[in-house]
Amino acid sequence: MIQTIRRAWALPELRNKITFTMLILLIFRIGNAITVPYIDSELLRQQLDAMGTTYFGLLNAMSGGAFAMATVFALSIQPYINSSIIIQLLTVAIPYLENLSKDGGEEGRKKIQSITRYTTIAIAVLQSVGYYFMMKRYGILEEEGLWPALVIIVTLIAGSSFVMWMGEQVNEFGIGNGISMILFAGILSRVPSMITGLYEGVRNWSLIQSGDLSLDTLTEAGYTTERAEQYLASAIPPWGAVLLVLGMLALIVFIVFINDAERRIPVQYAKRQVGRRVYGGQSSNLPMKVGMAGVLPIIFAQSIASLPITIWSFIGIPEEGTISYSIYKAIDAQSVAYMIAYFIMIIGFSYFYATIQFNPVEIANNMKKQGGFIPGFRPGKPTIDFIKRVLNRITFFGAIYLGIVAICPLIVGKIVQNSSVSIGGTSVIIVVGVALETVKALESQMLMRQYKGFLE
């Protein structure tokens, strides 16, 4: 990876693209440091820490902590991601969008992109309004009224739209994959705070062992009993920190291995003669990636599984000792019931997204039109059934892989009493996937440049 970046930096054209991309990411980080007026960011951070297991915890991680700081780019690229997913799903359901995608060519792609932009703005409006009312509900606003509400909502919408525009600029003038690069930068910016949190956890453990830190000292310092118990529970022993680091490295290796894993179905093309020329006769393969769904099933499953807790957070967390509080704790993100439902949803969404992304009937028909066939299977229904069978097996292993990656951080977070660890698996998949895609994009551009120079 480092060698690829060094070779790309040596080429003036790619060096300009990398520099432009880094400039866009710098602007993104600057925007993440500019807070929105009329919001008490410290109270908001404390409230979101208490709501870390809800959907807002995922939004905060995807924005690089900007959501909890109430910055201009608090919504980050999330509205665009949601919009892209919605339009992609509607492309299968609505014939007009399906025709634009398949037969519309470049003009159809531009129309779909335009629809995606408008949908992004609509989602940003909904999220900004909900964001404002959530802060108003918990008394986080420094000043209430029509003008503060208008400033907060318009600023968040403008920030989300500007982030979307920056991603498109990276696609056109940078190294490509702009939306993913911005998401990558946001998640990666949390690494220093994670290291600091790990260090503080080990330091607190040492203070507890020496007797300098206890429940009494924290309550005397102004902590509530519940807050003091959570603070003490977040202490991490040195061996626990070592295991966390080793586990993260093992998770990265596992993700890289699965990301490159694929099943290649052999395809043979029959010879055919047109005039004096003979076409076909070569062998090829049909690649089917194990992780073809990417991280989307985890995002879908986490959004739906955490929806009851998120709604409850809006209306107010129930008091301890009540039946409502018992139900609230039973469906909390650190409960066993939540983990089981979360795991099942990941498997279900993996199959759902695989059937949308990979159509065996269409693949088999295109193969038949080009004179191709899978050895041992006749064209038509036998080929379709075989591809479906392979797809189901591949999707099953991919779904189990996503479930393990998503559940393991939840279990670790329950052990170390740290809810922010629960989204670690999702973040690692995104970071590793974007890094691998960026390296492949640089390699393909260098390869195209070599061919271009050779032909000239």
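Everything discussed here concerns the structure shown above.
What you are looking at is a predicted structure, and each value in this text was computed from that prediction instead of being measured.

Student: Describe the packing of aromatic side chains, naming the residues involved and giving the relevant values.
Tutor: Aromatic rings in a pair are described by how distant their centres are and how their planes are angled relative to each other. Counted according to the given criterion, the structure contains eight aromatic pairs. Ring geometry for Phe73 against Phe162: centres 6.0 Å apart, planes inclined by 20 degrees, an arrangement best described as stacked. Of this pair, Phe73 sits in the loop between α5 (66-69) and α6 (78-93) while Phe162 sits in helix α9 (residues 146-173); the two residues are 89 residues apart in sequence, bridging distant segments of the chain. For Phe73, a relative accessible area of 5% translates into the label buried. For Phe162, a relative accessible area of 34% corresponds to the partly exposed category. Between the aromatic rings of Phe162 and Trp165, the centroid separation amounts to 5.5 Å while the plane-to-plane angle is 25 degrees, which identifies the pairing as stacked. A residue pair is termed a helical-turn pair when its members lie 3 or 4 positions apart in one helix, as Phe162 and Trp165 do in helix α9 at three residues. Judged by relative accessible area, which is 42%, Trp165 ranks as partly exposed. Here the aromatic cluster, defined as three or more aromatic residues joined through ring pairs, consists of Phe28, Phe73, Phe162 and Trp165.

Student: Describe the packing of helix α2 (residues 12-31) against α9, listing the residues and the values that go with them.
Tutor: One can describe the packing of α2 onto α9 by two numbers: an axis separation of 9 Å at closest approach and a directional angle of 170 degrees. Taken as axis vectors, α2 and α9 run roughly antiparallel relative to one another. Contacts between α2 and α9 pair Lys17, Phe20, Thr21, Ile24, Ile27 and Phe28 from the former with Phe162, Val163, Met166, Gln169, Val170 and Phe173 from the latter. Here the contact of α2 with α9 is composed, by residue class, of nine nonpolar, two polar and one charged.

Criteria and thresholds
- Along each chain, the written sequence defines residue order, and numbers are assigned to residues from 1.
- Since the coordinates come from a predicted model, pLDDT governs what is reported: local features require at least 70, and pairs of side-chain atoms require 80 or more to be given and counted, while whole-chain, interface and lining totals use all residues.
- The basis for every side-chain value is the complete set of heavy atoms in the structure, and neither hydrogens nor water enter the calculation.
- Only centres within 6.5 Å qualify two rings of Phe, Tyr or Trp (six-membered ring in Trp) as a pair; their planes then separate them into stacked at under 30 degrees, edge-to-face at over 60, and tilted for everything else.
- Numbered from the N terminus, helices here are DSSP runs of H or I no shorter than four residues, and strands are runs of E no shorter than two.
- Relative accessibility decides the category of a residue: with a 1.4 Å probe and only protein chains considered, values under 20% of the type maximum give buried, values over 50% give exposed, and everything between is partly exposed.
- Each axis is a line fitted through C-alpha atoms, and for a helix only the stretch in contact is used; angles between axes span 0 to 180 degrees, taken between their N-to-C directions.
- Angular relationships are summarised with four words: roughly parallel below 35 degrees, roughly antiparallel beyond 145, roughly perpendicular across 65 to 115, and oblique for the angles in between.
- The contact criterion used throughout is that any non-hydrogen atoms of two residues lie within 4.5 Å.
- When residues are grouped by polarity, Ala, Val, Leu, Ile, Met, Phe, Trp, Tyr, Cys and Pro land in nonpolar, Asp, Glu, Lys and Arg in charged, and all others, Gly among them, in polar.

Just distances and angles here, no functional claims.
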